[in-house]
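Tertiary structure, described
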Amino acid sequence: MQEEEKLLSGLLFCPGDEQLRKIKLRTHNLCARFNQTTEDETEIRAYLLSQIFGALGEGSFLQGPIYIHYGVHTQIGKRFFGNFNLTIQDDARVTIGDDCNFGPNVTIVTPIHPMVPEERRHILTKDGAKKRVCYAKPVTIGNDCWFGANVVVCPGVTIGDGCVIGAGSVVVRDIPANSFAAGNPCKVIRTITEADSLKYKPQVLGEDDRIP
C-alpha cells in the first residue's frame, strides 16, 4: 500500500515519503504564488485555486493569504468565503459544504501525532528500519456554516448544516446541525431558531432593509 493510501485510510503513514512531499511542495508553491497576487488579479487567482484544491465550487472567494497542505484532499462547495489566513492541513480528507463563511485565521487540521515522545521520533518497520509516522482523521463541515475569527477544527470532527461557531473556539467533537457553539473546548450553547432572525433586531436594520 502506498503512503497516500495509508493516509486516506486512517493508517500510520510517513509524512516524509517522497511522493507525499512532492504533492505538498507543489501545493505550497501554488499557495505562495496565490499569496503574491492582488485581489483584482481574478483570473490568475481562479487558476491557482483550481490547481490547489480537489474541488472549489462556483462563486467562491478566498481573501488570502492561504496556507493549504495537500489541497487535493480538500473539497469545497459553492459560494464559499474564506477570510485572511485560512489554513487547511488536509492530510485526511476535508469536506466543506455550500454557502459557508469563515472569518480570519480559521484553521482546520487532520493529522494526529503519537503521544509518546519516542514514537514521535520514529517507530520500527518489520525490517527494523526507523520511520517517522503520524495518522489523520477527516473533517466534514456541512452547508451554511459560519465560523468566527480564530476557530480551530481538530481531526475527526463533523459539523452539521447551519452551524455558527463562535470566535476563538477549538472544536474537538462533533457539533449537531443548527447549533450555536463556542468555547475551548467548543460546546453547543443552544439551537439556532427563528427567534434569531434579524427582523427581531430593528436597531441594526436600515430603513431600506427587508428580511425575506
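Everything in this summary refers to the structure shown in the same document. Predicted model only: the values in this text are computed from it and were never measured.

Tracing the backbone shows Val188 in strand β21 (residues 187–191). When its relative accessible area of 39% is taken as the criterion, Val188 is described as partly exposed. With 25 residues separating them in the primary sequence, Val188 and Cys163 have C-alpha atoms 9.8 Å apart. Those residues within four positions of Val188 in sequence are excluded, and the remaining contacts are Ile175, Pro176, Ser179, Phe180 and Ala181.

For the rest of this paragraph, the subject is the side chain of Arg45. Along the polypeptide, Arg45 turns up in helix α3 (residues 42–52). In this structure, Arg45 is buried with no salt-bridge partner, the nearest side chain bearing the opposite charge being Glu39 at 5.7 Å. Discounting residues that sit within four places of it in the chain, Arg45 has contacts with Phe34, Thr37, Thr38, Glu39, Phe61, Leu62 and Gln63.

Right, let's get into a nonpolar patch on the surface. A cluster of nonpolar side chains, Leu198, Val204 and Ile211, forms an exposed patch at the surface whose accessible area comes to about 250 Å². Relative to the helices and strands, Ile211 resides in the segment after β21.

Let us now look at the pairing of strand β6 (residues 86–89). Burial of β6 is one-sided: the residues Leu86 and Ile88 facing one way are buried, the residues Thr87 and Gln89 facing the other way are not. Examined bridge by bridge, strand β3 (residues 66–68) and β6 share three bridges and lie parallel to one another. Of the residues in β6, the one forming a bridge with Tyr67 is Thr87.

Listing the buried residues of α3 in full gives Arg45, Leu48, Leu49 and Ile52. The arc enclosing the buried residues of α3, seen along the axis, measures out at 100 degrees, which places them on a common side. Packing partners of the buried residues in α3 comprise α2 (18–35), β1 (55–56), β2 (61–62) and β3.

Trans is the prevailing form of peptide bonds, just as negative phi is the prevailing case for residues other than glycine. Cis rather than trans, the peptide bond between Gly64 and Pro65 has omega equal to 0 degrees. Inspection of the secondary structure puts Pro65 in the loop between β2 and β3. The linkage connecting Asn184 with the following residue, Pro185, adopts the cis geometry, with an omega of 0 degrees. One non-glycine residue, Asn85, lies in positive phi territory at about 65 degrees. On the secondary structure map, Asn85 appears in the loop between β5 (81–82) and β6. We classify Asn85 as partly exposed; its relative accessible area is 27%. Even without being a glycine, Asn150 presents a positive backbone phi close to 65 degrees. Tracing the sequence through the fold places Asn150 in the loop between β15 (146–147) and β16 (152–153). According to the relative accessible area criterion, Asn150 is partly exposed, its value standing at 42%.

What counts, and where the lines are drawn
- Residues numbered from 1 in each chain as written.
- Predicted model: local features only at pLDDT ≥ 70, side-chain atom pairs only at ≥ 80, totals over all residues.
- Heavy atoms only, no water.
- Helix = DSSP H or I, 4+ residues; strand = E, 2+ residues; numbered from the N terminus.
- Buried < 20%, exposed > 50% of the residue type's maximum accessible area, 1.4 Å probe, protein only.
- Contact = heavy atoms within 4.5 Å.
- Lys, Arg positive; Asp, Glu negative; His and termini not counted.
- Salt bridge = Lys/Arg side-chain N within 4 Å of Asp/Glu carboxyl O.
- Patch = residues over 30% accessible without salt bridge, like charges linked within 9 Å, V, L, I, M, F, W, Y side chains within 5 Å.
- Areas by Shrake-Rupley, 256 points an atom, 1.4 Å probe, with all protein chains shown as cover.
- Pairing = 2+ DSSP bridges.
- Arc of directions from axis to C-beta.

Keep in mind these values describe shape, not function.
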